[in-house]
Amino acid sequence: MIFMLTGFVLIQPPFSRADEQIETLPTLTVEGTRIENIDAVKEELARRPSSTILIQEKEIEESRAFNLTDVLQFAPGVRFQSRFGADEGQFQIRGTSLRNNFHHRGINILINGIYFGDADGFSDFESIDLMAYERIEVYKGSNALRYGANTLGGAINFVPRTGYNASLYQARGLAGSFGLYSGQVSSGQVTKPFKVGTMDTTADYYVSASGNHQDGFQDNSQQARGRLNANFGFQIGNHQEVRAYILGAEVSEALPGSITQGQLDSDRRQANTLGGINPFSCGPNEACKWGRYYSYIRAGAAYRNEFAAHQFFEIIPYYSYQYVDHPIFQTIVQDNYNVGGEIRYVNSHPIFGHENKFLVGNQPRYGDTNQRRFVNNLGKRGIQTQNLTLETTNLSTYLEDQFNVTKDLLIIAGGRWEYSIRQGRNQLYSPFTGDLNTSDTGVRHFNALIPKMGFVYQTTGTSQIYGNVSRGYEPPVNVELTSSINPDGSVPTTPFINLDAQRAWQLEIGTRGSTADNRYTWDLTFYNLEMQKEILTFNVQNQPTYQNAKGTRHTGIEAGGSMVVANGLLVQGPKNQSDTISVRTAYTWSLFKFTDDVYGGGDGTPKFLVAKDGNRVPGAPEHQLAGEVRYDHPVGFFIAPNFEWVLAGYYVDSENTAKNSAYFLVNLKAGYNYSKNLSFFAEGRNLSDQTYAGAVVVNDSLGRYFNPGQGISGFGGVEWKF
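Predicted, not measured: the structure shown is a model, and the values here were computed from it.

K.L.:
Help me understand the overall build of the protein chain, please; the structure alone is not making it clear to me.
P.N.:
In terms of regular secondary structure, the protein chain is built from 6 helices and 38 strands. Structurally, the protein chain occupies a C-alpha span of about 80 × 60 × 45 Å along its principal axes. Burial analysis of the protein chain (722 residues in total) assigns 56% to the buried set. In the protein chain, once contacts between residues fewer than 6 apart in sequence are set aside, the share between residues at least 24 apart is 66%. Of the roughly 29,500 Å² of accessible surface on the protein chain, 58% is carried by carbon and sulfur atoms. Taken as two groups, the 61 positive and 71 negative side-chain charges of the protein chain have centres that lie 1 Å from each other.

What follows is the structure, encoded as structure tokens:
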């Protein structure tokens, strides 16, 4: 595909605008400087009628950059909690993916705007190396329609470094508590211009290789990663660009599992010890050697062509393959193939003298999964118990128009059509003899039109009011559809249980901006999601499964801000030559409630109440606050004590009988930029050594709700580049 795209651009004639007035610009010499100004990125984000978050390069580099907790702590409305100190954890935006804390669902992950993950929406974090990315953009809710996102939570976009913004050589090392060490090396460069046919061409590359290891805080929580990230670009003439991407990962992780409140209180470092050992299930995590080991490779390309004034199109194909060896209650072995892409057209021609931007895109995705399951004989494969094949086909079309009614008022309208087909064949075998017991086939269809409308009003030169009303639609992922028992307690007669897509109407209004001198910044948002058929996890006949709630409501306030408290406290001078004290904070209020009773069972089993009308949807704290005070010295030194505070306990079961306790964590970050080439950083976590659970498992039948947070810990590192 890459060679086909390159060939296409080679045979095109030079770009011509014979009928248009051409403005002569000064000659631009490319010398490896950044070609995408961060101010332009901020301006684009300011056109979104919803709350957005931008994590810049400096913030990534000054952190451990080990998992998303390191960079999302001050992102209101966004909660990522590592399950056992690794980069895999519980990730949710506005409570839309609380039903499970393993792997990922409910939020689209993008790499430079390209969809990342399986065709059904399921994906992992372990393949993503934060140090390979220049910035991170978070789009909440329907705001993610720009990228064709079809999830209720929104999207998180990782924008990779390129040769234009990377160092020629860079190396980074990190070491710390619980046997953690990691290293990364990278290189990026821009070539001198050369000719391709009659067109001037510039090439660039960026390659990053990294590895890490940790012994882990809990028993049976050893982790190791090896990752490769690379991209290669060609700027052909003034109006065409081709960029190829390669991502590879080797992931090895032992799984300690969640534990009960009693286990958390008595020994927070223990792995789960509950559950029997038999051909149907191997329960204790350490004895049964629970873990997840996979190899992953992904390749893609992006071709952009500005074929006329104010118009361009993009073609973005990708392919991925993942092999998984996953001993848990039984050992799961998977081969996952995914292929997809996107065609996007953008037209920014003014309409009647008003600025306007129209975009339309199509996103086909196809996934093919073959899953074999075996008896877990204390970590060794036993008799095969399942052979499951799944095919997922997604066809999606979206469009959006941004129209400036006045210079201060922007109106956005758009929509998306989503069609998903799931086909499967499930063969189940006896765990004692290996004989075939059942063989079922089935097909499920999901289809929806998803409208959206919003506005952005510029109240001053540096502040805005924004709002939107939108529809959301999210089909279940395959791991939910292929549960072993229906919500009513009956055995499925196809590979899929009776489970529908979840839907929501979202209302959001907010304000963001800064003072003219940029001393104060803020982003304040109120939202309300009226959800229908929210997907829940629960237990029927002592087996976990999923069902749709009739109605739930997610209401919240997200507030973030920063302030420069003092300049020139100890060192006085012009801007950037005096010391400063600044503060920042992020507060999230989340009220998630059931608006109807929810029942389970009913088919050969007694009907029982799962959740009562008015109960809280479990899994997220109502009040969460983070704060930081930072001192910066002009010699390049900074120190920043900060805290994370869950103000009150919150429920971890739909019946609202069990809670996760409140907690208050004290942390400290510091760093020193010795020169433009050499920097040091250090961090202390949970300095009061509080026992707490950051991530939780909801509705566990054995009361194993808690993933212990790490105890007191310290980390330090160094980065060198030129």
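Following the structure, the description resumes.
K.L.:
How do you make sense of the sheet that holds strand β5 (residues 114–116) when you look at a structure like this?
P.N.:
To summarise the sheet geometry, strands pair through backbone hydrogen bonds and adopt either a parallel or an antiparallel arrangement. With mixed pairing, the 5 strands of this open sheet are ordered in space as β1-β6-β7-β4-β5. Looking at strand neighbours, the two that pair on one side only are β1 (52–55) and β5, the edges of this open sheet. Strand-to-strand twist in this sheet, taken as the mean axis angle between neighbours without regard to direction, amounts to 25°. In the sheet, β1 pairs with strand β6 (residues 133–140) via 4 bridges, with the strands oriented antiparallel.

K.L.:
Explain the confidence of the model for the protein chain here, please?
P.N.:
A low pLDDT means the predicted coordinates there should not be read in detail. Overall, the predicted model of the protein chain reaches an average pLDDT of 91, with 94% of residues at or above 70. Note on residues 1–35: pLDDT is under 50 here. Beyond four places in sequence and across chains, it has 40 contacts.

K.L.:
Just to check I follow, could you spell out the nonpolar core for this structure?
P.N.:
Nonpolar side chains tend toward joint burial in soluble globular proteins. In this structure, Leu68, Leu72, Phe91, Leu130, Ile156 and Phe158 are the most contacted members of the largest nonpolar core, which totals 34 residues. Residues in contact with leucine 130, not counting those within four places in the same chain, are Ile60, Ala65, Phe66, Asn67, Leu68, Val71, Ile136 and Phe158. Leu98, Phe538, Phe592 and Val610 belong to the second largest nonpolar core, which has 18 residues in total.

K.L.:
When you look at the pattern of salt bridges in this model, what are you seeing that I'm missing?
P.N.:
In a structure, side chains of opposite charge can pair up when their charged atoms sit close to one another. Inspection of every chain in the model, using the stated rule, returns 45 salt bridges. Here glutamate 253 ties to arginine 225 by a salt bridge, and the two come within 2.9 Å at their closest N and O atoms. Remark: arginine 225 occurs in strand β12 (residues 223–236) and glutamate 253 occurs in strand β13 (residues 240–254); sequence separation between them is 28 residues. Owing to a relative accessible area of 1%, glutamate 253 belongs among the buried residues under this scheme. Looking at arginine 225, the relative accessible area reads 6%, which means it is buried. Arginine 630 is the partner of aspartate 632 in a salt bridge, and the nearest nitrogen-oxygen pair spans 2.8 Å. Judged by relative accessible area, which is 13%, arginine 630 ranks as buried. Taken together, the shared-partner salt bridges in this structure form one network comprising Arg304, Glu306, Glu314, Glu342 and Arg344.

K.L.:
Would you explain the side chain of asparagine 338 in this entry?
P.N.:
Looking at the secondary structure, you find asparagine 338 in strand β16 (residues 330–347). In this structure the side chain of asparagine 338 is engaged in a polar contact, spanning 3.1 Å, whose partner is the side chain of aspartate 118. Of the polar contacts made by the side chain of asparagine 338, one reaches the backbone nitrogen of alanine 119; its length is 2.8 Å. In this view, asparagine 338 contacts Gly117, Asp118, Ala119, Tyr318, Tyr319, Ser320, Tyr366 and Gly367; residues no more than four positions away in its chain are not counted.

K.L.:
Mind showing me how you'd approach helix α2 (residues 38–45) here?
P.N.:
Every α-helical turn comprises 3.6 residues, leaving residues that sit three or four positions apart pointing alike. Of all the residues in α2, the buried ones are Val41, Glu44 and Leu45. For α2, the angular spread of buried residues about the axis comes to 100°, placing them on one side. Close packing links the buried residues of α2 with β1, β6, β17 (356–377), β18 (380–404) and β22 (502–514).

K.L.:
Can you help me understand the pairing of strand β38 (residues 713–721) in this one?
P.N.:
Where a strand is regular, its side chains alternate between the two sheet faces. Across 7 bridges, strand β8 (residues 170–176) lies against β38 in antiparallel orientation. Looking at β38, one finds that glycine 173 is bridged to valine 718.

K.L.:
Quick question: what am I supposed to make of the environment of serine 582 here?
P.N.:
Along the chain, serine 582 falls in strand β27 (residues 580–594). It is 43 Å that separates the C-alpha atoms of serine 582 and phenylalanine 313, two residues lying 269 residues apart in sequence. If sequence neighbours within four positions are ignored, serine 582 has contacts with Met563, Val564, Val565, Glu628, Val629 and Arg630.

K.L.:
In this structure, what is going on with the packing of aromatic side chains? I would like to understand it.
P.N.:
For any pair of aromatic rings, the description consists of the separation of the ring centres together with the inter-plane angle of the planes. Enumeration over the complete set of coordinates arrives at 20 aromatic pairs. Taking 5.4 Å as the distance between ring centres and 85° as the angle between the ring planes, the aromatic pair formed by phenylalanine 80 and phenylalanine 125 counts as edge-to-face. Linking phenylalanine 80 in strand β2 (residues 78–82) with phenylalanine 125 in the loop between β5 and β6, this pair joins segments that are 45 residues apart in sequence. Note on phenylalanine 80: relative accessible area 4%, which makes it buried. A cation over a ring is seen here: arginine 94 above tyrosine 527, with NZ or CZ 4.6 Å from the ring centre.

K.L.:
Looking at this model, I keep getting lost on the state of the cysteines. Mind explaining?
P.N.:
Note: disulfide means a covalent bond formed between the sulfur atoms of two cysteine side chains. Per the stated rule, a full pass over the model turns up 1 disulfide. In this model, cysteine 282 is linked to cysteine 288 through a disulfide, with the two sulfur atoms separated by 1.9 Å. Measuring the twist about the S-S bond at about -80°, one finds the cysteine 282-cysteine 288 disulfide to be left-handed. Here cysteine 282 falls in the buried class, since its relative accessible area comes to 0%.

K.L.:
Would you explain the environment of glycine 361 in this entry?
P.N.:
Positionally, glycine 361 belongs in strand β17. Considering only alpha carbons, one finds glycine 361 and lysine 289, 72 residues apart in sequence, at a separation of 45 Å.

K.L.:
Could you clarify how one ought to interpret unusual backbone geometry in this entry?
P.N.:
Negative phi values dominate among residues other than glycine, just as trans dominates among peptide bonds. Unusually for a residue other than glycine, asparagine 112 sits at a positive phi of about 55°. Checked against the element boundaries, asparagine 112 lands in the loop between β4 (108–111) and β5. For asparagine 112, a relative accessible area of 33% translates into the label partly exposed. Although it is not a glycine, leucine 378 adopts a positive phi angle of roughly 55°. Among the structural elements, leucine 378 can be located in the loop between β17 and β18.

The rules behind these values
Residue positions are given per chain, counted from 1 along the sequence in the order it is written. With pLDDT at 70 or above as the cut-off, local features in this predicted model cover only qualifying residues; side-chain atom pairs require 80 or more to be listed or tallied, and sums for whole chains, interfaces and linings still use all residues. The side-chain figures draw on all heavy atoms in the structure; neither hydrogens nor water molecules are used. The secondary structure listing takes helices from DSSP runs of H or I that are at least 4 residues long and strands from runs of E that are at least 2 residues long, numbered from the N terminus. With a 1.4 Å probe rolled over the protein chains alone, any residue whose accessible area is under 20% of its type maximum counts as buried; one over 50% counts as exposed, and the rest are partly exposed. By definition, residues are in contact when any of their heavy atoms lie within 4.5 Å. The Shrake-Rupley method, run with a 1.4 Å probe sphere, supplies the accessible areas, and residue values consider only the shown protein chains as cover. Counting rule for charge: Lys and Arg are taken as positive, Asp and Glu as negative, and neither His nor the chain ends is counted. Throughout, a charge is located at the NZ atom of Lys, the CZ atom of Arg, the CG atom of Asp or the CD atom of Glu. In this analysis, strands are considered paired if DSSP registers two or more bridges between them. Axes here refer to lines fitted to C-alpha atoms; in helices the fit is confined to the stretch in contact. Angles between the N-to-C directions go from 0 to 180 degrees. The predictor attaches a confidence to each residue, called pLDDT, with possible values from 0 through 100. Put simply, buried Ala, Val, Leu, Ile, Met, Phe, Trp, Tyr and Cys residues joined by side-chain atoms within 4.5 Å make one nonpolar core. A pair is scored as a salt bridge if a Lys or Arg side-chain nitrogen falls within 4 Å of a carboxyl oxygen belonging to Asp or Glu. Counted as a polar contact is a pair of N or O atoms within 3.5 Å, where, for protein atoms, one must be capable of donating a hydrogen and the other of accepting one, and residues adjacent in sequence contribute only when both atoms are in side chains. Working note: the arc is built from the helix axis to C-beta atom directions. What counts as a ring pair is set by centres within 6.5 Å for rings of Phe, Tyr and Trp (its six-membered ring), and what kind of pair is set by the plane angle: stacked under 30 degrees, edge-to-face over 60, tilted for all other angles. A positively charged side chain is recorded as over a ring if its NZ (Lys) or CZ (Arg) lies within 6 Å of the ring centre. The angle to the ring normal must also be within 35 degrees. Any two cysteine sulfur atoms within 2.5 Å of one another count as a disulfide.

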